Amino acid sequence: MEAAARVIARRGVRGLRVEELAAEAGVSTALIYYHFKDRTGILRATLEFISDRAERYTTERDSGAQPLDARGELEQTLLLELQDTAEVRENSTAWGELRASAVFDPELREDLARATLVWVQEIAELLGRVRPMGGAAALAGSAERLTALLEGLSVRWLSGSLPLAHARELMACAIDTELERLR
């Protein structure tokens, strides 16, 4: 799955060739088809992999680090999606490619919608820990706005039209704005 994320991040979904994926993973194309059946199966599994990986790098904390309060956890979870590491760049690029492909590939839409819903629900839960009196609809709306903004900021950062530091500043400001709306 790491190889699939790398190839998609490097070549895009349309540029994904099973032969290149097999070479990147160090396995045969027959083994790829055995495990994933077809290209759509590869894309679905890659989407699940990058979602799981993003959850890991946005929620893991150093064992010696002080526990964060609810607001700190919310901010860190969102801002860790905007960090200049190979893993985050690859994940964000692959996610953007899969999202763009879903526009043209109805088979991918349901999986992408499900992954997005899980992400929005996780952010809504974190918002609810900061603003426990926020109604479910308001929390969901704030989470939807924040995750959509994060995707857009990520695309602008990855495409070179927005410096990373400014993207992080804009995200932090949006978090403040959404928390203020939930008062």
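Data block above holds the structure.
Reference entry: report on the structure contained in this document. Not measured: the values here are computed from a predicted model.

1. Some points on the pattern of salt bridges
In step 1: Inspection of the entire model under this criterion finds 16 salt bridges.
In step 2: As a salt-bridge pair, Arg 10 and Glu 20 come within 3.3 Å of each other at their nearest N and O atoms. Of this pair, Arg 10 sits in helix α1 (residues 2-11) while Glu 20 sits in helix α2 (residues 18-25), and the two are ten residues apart along the sequence.
In step 3: Linked by salt bridges that have partners in common, Arg 6, Arg 10, Arg 11, Glu 20 and Glu 24 make up one network.

2. Description of the nonpolar core
In step 1: By size, the foremost hydrophobic cluster in this structure holds 26 residues, and its most contacted members are Leu 74, Leu 78, Ile 123, Leu 127, Leu 146 and Met 171.
In step 2: Of all the elements in the fold, those that place two or more residues in this core are α5 (70-79), α7 (106-130), α8 (136-158) and α9 (164-181).
In step 3: The element best represented in this core is α7, accounting for seven residues.
In step 4: Ignoring sequence-local partners within four residues, the contact set of Leu 74 consists of Ile 123, Leu 126, Leu 127, Val 130, Ile 175 and Leu 179.

3. A few points about helix α6 (residues 86-102)
In step 1: Between its terminal C-alpha atoms α6 stretches 24 Å, which fits the 24 Å expected from 17 residues at 1.5 Å a residue.
In step 2: For α6, the full list of buried residues reads Val 88, Glu 90, Asn 91, Ser 92, Ala 94, Trp 95, Leu 98, Ser 101 and Ala 102.
In step 3: For α6, the elements touching its buried residues are α1, α4 (39-59), α7 and α8.

4. Observations concerning α1
In step 1: The set of residues buried in α1 consists of Ala 3, Ala 4, Ala 5, Val 7 and Ile 8.
In step 2: Where the residues of α1 are buried, they touch α2, α4 and α6.
In step 3: With its phi angle positive at about 85°, Gly 12 sits one or two positions after the end of α1.

5. Topic: the packing of aromatic side chains
In step 1: Under the defined criterion, the tally for this structure stands at one aromatic pair.
In step 2: Positioned above the aromatic ring of Phe 104, the side-chain terminus of Arg 14 is 5.0 Å from the ring centre.
In step 3: For the cation-ring pair, Lys 37 lies above Tyr 34, with the distance from its terminal atom to the ring centre recorded as 5.7 Å.

6. With respect to unusual backbone geometry
In step 1: Although it is not a glycine, Lys 37 sits at a positive phi angle of roughly 70°.
In step 2: By the element assignment, Lys 37 lies in the loop between α3 (29-36) and α4.

About the thresholds
Residues numbered from 1 in each chain as written. Predicted model: local features only at pLDDT ≥ 70, side-chain atom pairs only at ≥ 80, totals over all residues. Heavy atoms only, no water. Salt bridge = Lys/Arg side-chain N within 4 Å of Asp/Glu carboxyl O. Helix = DSSP H or I, 4+ residues; strand = E, 2+ residues; numbered from the N terminus. Core = buried A, V, L, I, M, F, W, Y, C linked by side-chain atoms within 4.5 Å. Buried < 20%, exposed > 50% of the residue type's maximum accessible area, 1.4 Å probe, protein only. Contact = heavy atoms within 4.5 Å. Expected span 1.5 Å × (residues − 1). Phe/Tyr/Trp six-rings, centres within 6.5 Å; stacked < 30°, edge-to-face > 60°. Lys NZ or Arg CZ within 6 Å of the ring centre and 35° of its normal.

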